[in-house]
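Residue strings, one per chain:
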4 protein chains.
Amino acid sequence: MIIVIKAGTPVVEIERITLEISRYGIAPEVSLGQQKAVIGLIGDTAEIDTKQIQNISPFIEQVVRIKKPFKRASLEYRNGEHSEVVVPTPNGAVTFGQNHPVVVVAGPCSVENEQMIVETAQVVKATGAQFLRGGAYKPRTSPYAFQGHGESALELLAKAREATGLGIITEVMDAAELELVASVADVIQIGARNMQNFSLLKKVGATGKPVLLKRGLAATIEDWLMSAEYILAAGNPNVILCERGIRTFDKQYTRNTLDISAIPVLRTLTHLPIMIDPSHATGKSEFVQPMAMAAIASGTDSLMIEVHPDPAKALSDGPQSLTLPAFEELMLELGALGKFFGRWAKPNNTYTSAALATQVTARV
Amino acid sequence: MIIVIKAGTPVVEIERITLEISRYGIAPEVSLGQQKAVIGLIGDTAEIDTKQIQNISPFIEQVVRIKKPFKRASLEYRNGEHSEVVVPTPNGAVTFGQNHPVVVVAGPCSVENEQMIVETAQVVKATGAQFLRGGAYKPRTSPYAFQGHGESALELLAKAREATGLGIITEVMDAAELELVASVADVIQIGARNMQNFSLLKKVGATGKPVLLKRGLAATIEDWLMSAEYILAAGNPNVILCERGIRTFDKQYTRNTLDISAIPVLRTLTHLPIMIDPSHATGKSEFVQPMAMAAIASGTDSLMIEVHPDPAKALSDGPQSLTLPAFEELMLELGALGKFFGRWAKPNNTYTSAALATQVTARV
Amino acid sequence: MIIVIKAGTPVVEIERITLEISRYGIAPEVSLGQQKAVIGLIGDTAEIDTKQIQNISPFIEQVVRIKKPFKRASLEYRNGEHSEVVVPTPNGAVTFGQNHPVVVVAGPCSVENEQMIVETAQVVKATGAQFLRGGAYKPRTSPYAFQGHGESALELLAKAREATGLGIITEVMDAAELELVASVADVIQIGARNMQNFSLLKKVGATGKPVLLKRGLAATIEDWLMSAEYILAAGNPNVILCERGIRTFDKQYTRNTLDISAIPVLRTLTHLPIMIDPSHATGKSEFVQPMAMAAIASGTDSLMIEVHPDPAKALSDGPQSLTLPAFEELMLELGALGKFFGRWAKPNNTYTSAALATQVTARV
Amino acid sequence: MIIVIKAGTPVVEIERITLEISRYGIAPEVSLGQQKAVIGLIGDTAEIDTKQIQNISPFIEQVVRIKKPFKRASLEYRNGEHSEVVVPTPNGAVTFGQNHPVVVVAGPCSVENEQMIVETAQVVKATGAQFLRGGAYKPRTSPYAFQGHGESALELLAKAREATGLGIITEVMDAAELELVASVADVIQIGARNMQNFSLLKKVGATGKPVLLKRGLAATIEDWLMSAEYILAAGNPNVILCERGIRTFDKQYTRNTLDISAIPVLRTLTHLPIMIDPSHATGKSEFVQPMAMAAIASGTDSLMIEVHPDPAKALSDGPQSLTLPAFEELMLELGALGKFFGRWAKPNNTYTSAALATQVTARV
C-alpha cells in the first residue's frame, strides 16, 4: 500500500500520519521527494481498509493498494500453485482443478417430481457428467413465481443420487435450511443474488462442505474473490467459482453477458477452480453450445448446463434448458474438444460413445 | 400480456396454445391477422411468468408484458393514490409520504461507542431530523473489515433513542438477528446487497415493522419493485424505497452513480414513499449537499445522511460522513429549500433556527 | 505519477528504468524501500502515457497517475477559478458560468419548417430563455430515420435568430459542413456519438467558436474532459460541457440515466461551465421538470430543454418534447427556483411574468 | 409492429390512429378485445420509427417492434444464408465467411517505421495470416498522445504490402483522408469510437471497399447492426463486424469485457461475417491466447491480433501486443484448434509448419 502525501504538507503532519499508521502493526517507509512525499506500507496490508488510511489526514492525496485485498483466495497464498477441490460422490471422488478433466454438472433448474429428476439424472450419468444440479429452493424475482418444492425436492435429489451415484449440487438461500441442504448436497451452491449475503457466506464457510460460489450480477472480479475470502477465512478451503453472466447495458438478445475473460483473469489472481454456466448466462438454449465450447477453449475447469426432459413444460427457466437428446449431443461435442485439450475423463465402464450414439439416434 | 404467434403457424397449434393458456385462469383473445396471429391475455397477469408462456410452443415469436409484473407495489393497486408509511417514535409519529414534509434520517455508518452515538443523536435531534441511523451489523466487502459491534451496538441505539426520542433505523443482515433488531429498530433496513435475499424479504414482510428497502447496486427499477412486492405480499404494507447509487461504468470520482431520475420514475409506477441516500451514493462528503438538494428539488420524501463526530476516525465510511457542524449547516440549507417546496416540518418547541445558528457559530 | 517496482528487482534494472524515464524530460525520484522501490515523476506528466511507462520494463508492477491526464481543462490550470464562456447574440452577450444566471436553451429536436421554428423561437424568447436549439443535421441510429433538413434548416434557424434575437445552438456532424454550421450557429454542438470523433474535435477547436460538448453515452468523466482537452489544446477556450444521460443496465423506464452527480464532480475537476439536458436523458417529457429542478438545485450553469409546437407530429424525439404551454409553465417553475438560488436573470423589457401568466392562461 | 391501445379508448380515437398509420403505406389490422385493442402493422416496418407511432396518440399504451429495425443486415434479407466478403490481395482473394477458414489479421497498433512494419509483416505472412493491420491515424483519448504518422505511415503499409503480398487493414478517422486511406487499404476500418459517426459510415458505404466495422464501447448488438445498415444502405455490401470488447462495470483487470456471446447472437440475426479482436478487448497480451481460442471455439470467422517486434518500445498499446515469437506460437495453437473445427487454411506453398517450427526454435 502506498500513501501519496499532498505537495506542501508540513513535516510534522507527515510524522503524525506515520505514527498513526504504525498503530496498524506495519512498517511505514517515508520517502520525501522535492514536491511530494510517499509513504510505503510494508507487510500484510490485506486486512487494512484503504478508506481508514485515507481518513487519517486531509493531507493524504491518494491511497493506492499494491497488494490485493484478498489473501487466502490469492494465487500468492499458495505460491502460485492452483488448488483442487475434491468432492466425494457415490461414484467416487471427483476433482475440480486445473490439472484435471473438465467436470460437467447438469440438471434442471428446479426439481419438479421424482420421475423427471431421476430420468434426467440417468441421462446425465450416461453422458459421463459427474454431478446433478437441481433447485429445491429457488430465488425468483417475483414472489408469485414458483419458489421451488423445498424439502421434498431435496428428498428427490437424494433419490436421484442413490439411483445414479452422481454428486448433487443444490442451492441454499437461507441459513435456516443450511443443515438440511448440506445433508443432501455434495456441493452447496450460493446463488448470484446471495454472493454478498455475508452472513450466509460465513455459515457455509463454517460447514466445511464444498461451496459453489456464483458471481453476482454486477460483482467485480475483486468483489467475487472477497466473497470467496469470507468462506476461506471461515476455515473452508473448498470453494469453486462459477461465472454465470454479468449484467451489462445490453440484454436484448441474451439475458446476461457471459464473461469468458474471467477465466484467464482468475488464473492470474487466484488458485481456486473455475466453473462456467452458459445456460443462465445466455438464457437461451441455442447459445449454450458455442459458449460451452468457448469456456473449454479458454480453460474452464468445469461446466454447469441446464437440461430438462421437457423444457416447454419446465416450471422455471425452460427457454435456456436443453432437451435430454440435445444434451447428449452436446456432451459428444464437448468431449471431443475436451480430449483435444487433454482435459476429458476417459469413458467409464457404464458408458461408451457408441452406446450414446445409439441412444441419440433412437431419440431422433 | 400479448402473445405474438409466428407467421405461418398452423391453426391447430394456435388452438393448442389458447387451450394451454386458459389453464392459467385468464381469458385469451385471439386475433388473426393476414400474416401473424396475436393472442391477448385479459385479466390479472401479474402472477404469470412470461417465460412459462414462451415455453408453451416454439411457434410463439414473442411474449410482451403490457401490465407490470408487480401488483401490490403498483400505483394502480391504490388507484393512483400514494401511500403513507407512519412510524411511531418516542417523539411522536413520523409520516413518510408525498404529501408530507421531507423526513431526514441521519447518523453514523457504524455505532462505535455510547458517547459518539448519543452525541450524534443529540445534534441530529437539534437540527430537526426525525430518525437516527447507525449500523450494528455491517455488510462489508472484506471479511477483515470491521463488521459492526452487533448486539451491543443495538443497545447503544436504544440508549440514543431514549436520550433523544428519535426513531431508529438499523440494518438486519441475518434472519437469526431479526427479532433482536426489530426490538430496537423503528424501521428495519434491508441493505443493497440483500435486496434480492428473498428469504430475508419474506421474513421482514412477516414482522409488519416498517422496512427501508435499499436498491441493489445493479437492480433495475422493476427488480427493486419486485423485491418490495415480496414484502408487501407477505402482508407488510410499510415499505420505503431507498435509492443509494447504482453501479455504472464510471466509478473514478464517485463511488456509485446516484440515480435521481428514479424519483419521478417511481412516482409513475408505485405508491410507495421514496428516500434518497446521497452519502453512500457518492462516497464523498463534499458531494452530499448538492445531491441532497437535487433530491429535494425532484421530490424525494426522505433523505438519509451520514454524519460522524470525527469522520477521520470513523471505523467505516469516514470519507462520506459529514461532521456534526457540517450537518447542521446542511440542515439549514435543506430546510430553506424544503420550505420553498412547502415540504419542511415546522420547527418544534425544542428547536429554533436561531438556536441552531448559535450552535453552529459556537462550533466554528 | 508514481512507478511501483516489483519486489526483488535488480538495482541495475531500476537504474535502467530511471534512465529511460529521464528521456521524458521529467525528474525521477527513486525511493528504495526494504522490499519495493517506488519512483516518483515530478513535473508536468499530463502529456505522458502511463502505458508507455508500463512498457519500459516487466519489473514495473504498477504505474499510478497522481496528477490528472487533462491539463487545460483542469481547475488547477486556472488556479481554482471557474471560467466563463461569453457568447454574443443579437440580444446581447450571454455568459455561461458559475457566477451567472442559469442560461436556458430550448427548441425542437429537428428544424422542420419555418413556421414551427419561428413560432417556437418566439415562445422561447418570451419565457426569457436565451438560446434556440434545433437540429439541421441529425445523428439517427437508423439510416431510414429522418436525417434532418440540412442546409435549408440552417437557413430557417438564421431566420428564427433574426426574428427573435436568440442565439442559435445546432449540431455539426461532419467537418465538411463545419463552415456552414459555424456561419449560423452561435454555439456549435458536438453530439454524444461524436464525443470521441477526435478529427472533428480538432477542427471545431480551430474555429474558436463556442462549443457545446455533449457527454458520450458511456464516456467516463475523464474521457469527457479529455475530449474537451482536444478542443482547448487546439486553441479554443470556449467549451461548455453538456451531460445528457449515460447508458446503464436499466433503460426500461428512462432512455438513459441522467448523471446529476456529474455537476459537483465536474466542479472539483474543471473550470468549464456545465449544461444539463434532461430531455434527451430521460426521453420522456413527464420527467423533464423534476430533472431540470434537480439540475438547478445541484448547481448547473445551463439547461437544454426540448420543446415542440406539436410533439405528436414531431419528426424526431416527440415523446421527450414539451408543448409550448408546458414549457412556459416549466420556465415559471425554473425561474422561481433559480431566483431562490440567486441564479436567474432579471426579466428584460420585452417580458414580464404577468405577461407570460396571461399567455399561459390564454392557452389553457 | 404491434400497437397496444389503452383500455377505455374511444372507438373514434382508434379509428383516427388507424387512419394515421395507413399514411405509412402499411396495412393496420385492428383487433378489438374486451378491454384492450391491439393494432398490428403488417408489411415492411423496418423503416418506421416506433417513437413516431407512439406520438400519434396519448391513448397508445405501447408500441412493440416484432420485426427487427435492421433490414439489409438481417439474416432474413438473405433468406438465412450467410454472406461472404471476398477481399482481393496481392496473394490472392481472401474470403471472410462462415464456411471458410478463419482469417487472421495481425500487426502493430501503430505503424512506426519501415523496418518494424516490414519485419512484422514478414512474420505475419510466414505464420499463414492473410492481413496486416497497422494504424496510420490513431484515435487517442488524449490530445497529447501519439496520433499516428498519418500519410507517411500509409506509404509504409503500401511497402509492407508490396514486400509480402498481405492485404492491408487500416483505420480511417476523417472523411478528408478517406480517399488516401482507400488507396492503400484493402479493408477500411471504422474504429469503435466512430461506430456512430454516421457521416463517415455513409461515405465508406459509398466507396464500395470492404469495411471492418468495430463495435462501439457501449453499443448494443442492435446499435451495431444499425450502423452496418448505414453502410449497406449506401450500397456497400462488404461489411465485416468486429467485436473488440465492451465497457462494463469492471475494468480493473481487463480493459474491456470481450463479448464472446456476440458471436452466436449475431449468427441468429445477421448474415455478415464476424471478427474478434482479443487484444483491444483485454488490453493485456497474456489474455490474448485464451480469448482467441474461445473465439474460434464459438465460431468466429476471423481474428485480429496485435503484434509488435518490441512491445516495450511500442508508441501505443504495448501491453496488449504479442512479441513476434509469441505470435508465431499462438498461430500454431490457433492452427491446431482451427483444424479441429475444419476451419483453417491449408498451408500454401510459401509456408509449412516445419519451416515455422524452425523459425520459432531459432528465436527462442
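Please read all numbers here as calculations on a predicted model, not as lab measurements.

**A short note on the overall build of chain A**
Then comes step 1: Scanning chain A from N- to C-terminus turns up 12 helices and 14 strands.
Then comes step 2: Over its C-alpha atoms, taken along the principal directions, chain A stretches across nearly 85 × 45 × 40 Å.
Then comes step 3: Within chain A, buried positions represent 64% of all 364 residues.
Then comes step 4: Within chain A, contacts between residues separated by at least 24 positions form 68% of all contacts whose residues are at least 6 apart in sequence.
Then comes step 5: Roughly 12,300 Å² of accessible area belongs to chain A as shown, and the carbon and sulfur atoms make up 51% of that amount.

**Observations concerning the relation of the copies chain D and chain C**
Here the two chain copies are tied together by a rotation about an axis and a shift along that axis.
Then comes step 1: Rotating chain D by 180° about the axis while translating it 0.0 Å along that axis superimposes it on chain C, leaving an RMSD of 0.0 Å. Such values leave the two copies arranged in the relation of a two-fold axis. No C-alpha of chain D approaches the rotation axis more nearly than that of Ala218 of chain D, which lies at 3.0 Å.
Then comes step 2: Take the interface residues of chain D: 100% of them recur as interface residues in chain C, which is what a same-surface contact looks like.

**Notes on the interface of chain D and chain C**
Then comes step 1: Tallying the contact residues gives 47 residues for chain D and 47 residues for chain C.
Then comes step 2: Note that Asp223 of chain D is salt-bridged to Arg247 of chain C, the shortest N-O span being 2.7 Å.
Then comes step 3: The tally of links from chain D across to chain C stands at 22 residue pairs in polar contact (both at pLDDT 80 or more).
Then comes step 4: For the side of chain D that touches chain C, the secondary structure elements donating two or more residues are α2 (50-55), α6 (198-207) and α7 (221-233) of chain D.

**What about the interface of chain A and chain B?**
Then comes step 1: The partner chain B presents 47 residues to the 47 residues of chain A that form the contact.
Then comes step 2: Taking both sides of the interface into account, the surface hidden between chain A and chain B amounts to around 4,000 Å²; carbon and sulfur atoms contribute 47%.
Then comes step 3: If you look at where chain A meets chain B, you find 4 salt bridges.
Then comes step 4: Where chain A packs against chain B, one counts 22 residue pairs in polar contact (both at pLDDT 80 or more).

**Considerations on helix α11 (residues 324-340) of chain B**
The periodicity of an α-helix, 3.6 residues per turn, causes residues three or four positions apart to be oriented the same way.
All names here are of chain B.
Then comes step 1: For α11, spanning 17 residues, the distance from its first C-alpha to its last is 24 Å, which sits close to the expected 24 Å at 1.5 Å a residue.
Then comes step 2: Taken residue by residue, α11 has Leu324, Phe327, Glu328, Leu330, Met331, Leu334, Gly335, Leu337 and Gly338 as its buried positions.
Then comes step 3: Of the residues flanking the start of α11, the one acting as N-cap is Thr323, its side-chain oxygen 3.1 Å from the backbone nitrogen of Ala326.
Then comes step 4: Looking one or two residues past α11, Gly342 carries a phi angle of roughly 70°, positive in sign.

**Observations concerning the sheet that holds strand β10 (residues 187-190) of chain D**
Residues and elements named next belong to chain D.
Then comes step 1: Strand order in the closed barrel formed by 8 strands is β7-β8-β9-β10-β11-β12-β13-β14, and the pairing between neighbours is parallel. Across the sheet, the axes of successive neighbouring strands diverge by a mean angle of 25°, strand direction being ignored.
Then comes step 2: Note: strand β7 (residues 103-107) against strand β14 (residues 302-306), 5 bridges, orientation parallel. Residue Gly107 lies in a different strand from β14, and its bridge partner there is Glu306.

**Examining the sheet that holds strand β12 (residues 239-243) of chain C**
All names here are of chain C.
Then comes step 1: Taken in spatial order, the 8 strands close into a barrel running β7-β8-β9-β10-β11-β12-β13-β14, and their pairing is parallel. With direction set aside, neighbouring strand axes in the sheet form an average angle of 25°.
Then comes step 2: Packing of helix α4 (residues 151-164) onto the sheet brings it into contact with β8 (131-133) and β9 (167-171), and relative to β9 it is tilted by some 160°.

**Some details on the relation of the copies chain A and chain B**
Then comes step 1: When chain A is fitted onto chain B, the two copies agree to an RMSD of 0.0 Å after a turn of 180° and an axial shift of 0.0 Å.
Then comes step 2: When the interface residues of chain A are mapped onto chain B, 100% of them again fall at the interface, so both copies present the same face.

**Comments concerning the UniProt feature "domain: DAHP synthetase I/KDSA" (unreviewed entry) in chain A**
Then comes step 1: In the numbering used here, UniProt assigns the feature "domain: DAHP synthetase I/KDSA" (unreviewed entry) to residues 93-331 of chain A.
Then comes step 2: Along residues 93-331 of chain A, the helical share is 37% and the strand share 15%, with 21 Å between the first and last C-alpha atoms.

**Here we look at unusual backbone geometry**
Then comes step 1: In the Ramachandran plot, Asn79 of chain A falls in the positive-phi region, its phi being about 50° despite a non-glycine side chain.
Then comes step 2: When you line up the elements, Asn79 of chain A lands in the loop between β4 (60-64) and β5 (85-87).

**Topic: the packing of α11 of chain B against helix α11 (residues 324-340) of chain C**
Then comes step 1: Direction vectors running N to C along α11 of chain B and α11 of chain C enclose 150°, while the axes themselves pass 11 Å from each other. Comparing their axes, α11 of chain C and α11 of chain B come out roughly antiparallel. Our pair here, α11 of chain B against α11 of chain C, has a crossing hand that is right-handed. In contact with Ala336, Leu337 and Phe340 of chain B of α11 of chain B, α11 of chain C contributes Ala336, Leu337 and Phe340 of chain C.
Then comes step 2: Of the residues that constitute the contact of α11 of chain B with α11 of chain C, the class distribution is 6 nonpolar, no polar and no charged.

**Quick look at the pairing of strand β5 (residues 85-89) of chain B**
All names here are of chain B.
Then comes step 1: Burial along β5 is one-sided: Val85, Val87 and Thr89 are buried, while Val86 and Pro88, pointing the other way, are not.
Then comes step 2: The sheet contact formed by β5 and strand β6 (residues 92-96) spans 5 bridges and is antiparallel. Among the inter-strand pairings, Val86 is bridged to a residue of β6, identified as Thr95.
Then comes step 3: In this antiparallel pair of consecutive strands, β5 and β6, the connection spans 2 residues.

**Considerations on the state of the cysteines**
Then comes step 1: Under the criterion given, the structure shown has 0 disulfides over all chains.
Then comes step 2: Just so you know, Cys242 of chain B is unpaired, no disulfide at all, and the nearest cysteine sulfur is the one on Cys109 of chain B, 13 Å from it.

**Brief notes about the packing of helix α10 (residues 288-297) of chain C against α11 of chain C**
Residue and element names in this part refer to chain C.
Then comes step 1: Look at α10 against α11: their axes get within 10 Å of each other, and the N-to-C directions meet at 20°. As judged from the angle between their axes, α10 and α11 are roughly parallel. Relative to α11, the crossing made by α10 is right-handed. Every residue of α11 that contacts α10 at Val288, Gln289, Ala292, Met293, Ile296 and Ala297 is listed here: Leu330, Glu333, Leu334, Leu337 and Gly338.
Then comes step 2: Here the contact of α10 with α11 is built from residues that sort into 8 nonpolar, 2 polar and 1 charged.

**Digging into the packing of aromatic side chains**
Then comes step 1: This model, assessed by the stated rule, comprises 14 aromatic pairs over all chains.
Then comes step 2: An angle of 20° between the planes, with centres 4.6 Å apart, marks the rings of Phe198 of chain A and Tyr230 of chain A as stacked. In this pair, Phe198 of chain A sits in helix α6 (residues 198-207) while Tyr230 of chain A sits in helix α7 (residues 221-233), placing the two residues 32 residues apart along the sequence. We note that Phe198 of chain A, like Tyr230 of chain A, is buried.
Then comes step 3: When the centroid spacing of 5.5 Å and the interplanar angle of 40° are considered together, the rings of Phe96 of chain D and Phe131 of chain D count as tilted. Taken together, the residues Phe96 of chain D in strand β6 (residues 94-96) and Phe131 of chain D in strand β8 (residues 131-133) connect sequence positions 35 residues apart.
Then comes step 4: One aromatic cluster is present, formed by Phe340 and Phe341 of chain A together with Phe340 and Phe341 of chain D through successive ring pairs.

**A short note on the confidence of the model for chain A**
Residues and elements named next belong to chain A.
Then comes step 1: Per-chain confidence: chain A averages 90 in pLDDT, with 93% of residues scoring 70 or above.
Then comes step 2: Here residues 349-364 is a poorly scored stretch, pLDDT under 50, and it has 18 contacts once near neighbours within four places are set aside; other chains count.
Then comes step 3: Confidence estimates for the predicted assembly give a pTM of 0.91 and an ipTM of 0.89.

**Let's talk about the side chain of Thr257 of chain D**
Then comes step 1: One can find Thr257 of chain D in the loop between β12 (239-243) and α8 (262-269).
Then comes step 2: For Thr257 of chain D, the side chain forms a polar contact with the side chain of Thr248 of chain D, separated by 3.0 Å.
Then comes step 3: Apart from residues lying up to four places away in sequence, Thr257 of chain D is in contact with Ile246 and Asp259 of chain A together with Glu243, Gly245, Ile246, Thr248, Asp250 and Ala281 of chain D.

**Digging into the nonpolar core**
Then comes step 1: Formed by 328 residues in total, the largest nonpolar core has its most connected members in Ile305 and Phe327 of chain A, Ile305 and Phe327 of chain B, Phe327 of chain C together with Phe327 of chain D.
Then comes step 2: Each residue touching Phe327 of chain A, except ones within four places of it in the same chain, is listed here: Val104, Ala106, Val124, Thr127, Ala129, Ile305, Val307 and Leu322 of chain A.

Conventions used here
- Residues numbered from 1 in each chain as written.
- Chains lettered and ligands numbered in written order.
- Predicted model: local features only at pLDDT ≥ 70, side-chain atom pairs only at ≥ 80, totals over all residues.
- Heavy atoms only, no water.
- Helix = DSSP H or I, 4+ residues; strand = E, 2+ residues; numbered from the N terminus.
- Buried < 20%, exposed > 50% of the residue type's maximum accessible area, 1.4 Å probe, protein only.
- Contact = heavy atoms within 4.5 Å.
- Areas by Shrake-Rupley, 256 points an atom, 1.4 Å probe, with all protein chains shown as cover.
- Least-squares fit on C-alpha atoms with pLDDT ≥ 70 in both.
- Salt bridge = Lys/Arg side-chain N within 4 Å of Asp/Glu carboxyl O.
- Polar contact = N/O pair within 3.5 Å; in protein donor to acceptor, adjacent residues only side chain to side chain.
- Buried area = accessible area lost by both parts, 1.4 Å probe.
- Expected span 1.5 Å × (residues − 1).
- Pairing = 2+ DSSP bridges.
- Axes fitted to C-alpha atoms, helices over the stretch in contact; angles between N-to-C directions.
- UniProt positions renumbered as here; feature names shortened; annotations may be inferred.
- Parallel < 35°, antiparallel > 145°, perpendicular 65-115°, else oblique.
- Left-handed = near helix turned anticlockwise from the far one by under 90°.
- Nonpolar A, V, L, I, M, F, W, Y, C, P; charged D, E, K, R; others polar.
- Disulfide = S-S within 2.5 Å.
- Phe/Tyr/Trp six-rings, centres within 6.5 Å; stacked < 30°, edge-to-face > 60°.
- pLDDT = per-residue confidence, 0-100.
- Core = buried A, V, L, I, M, F, W, Y, C linked by side-chain atoms within 4.5 Å.

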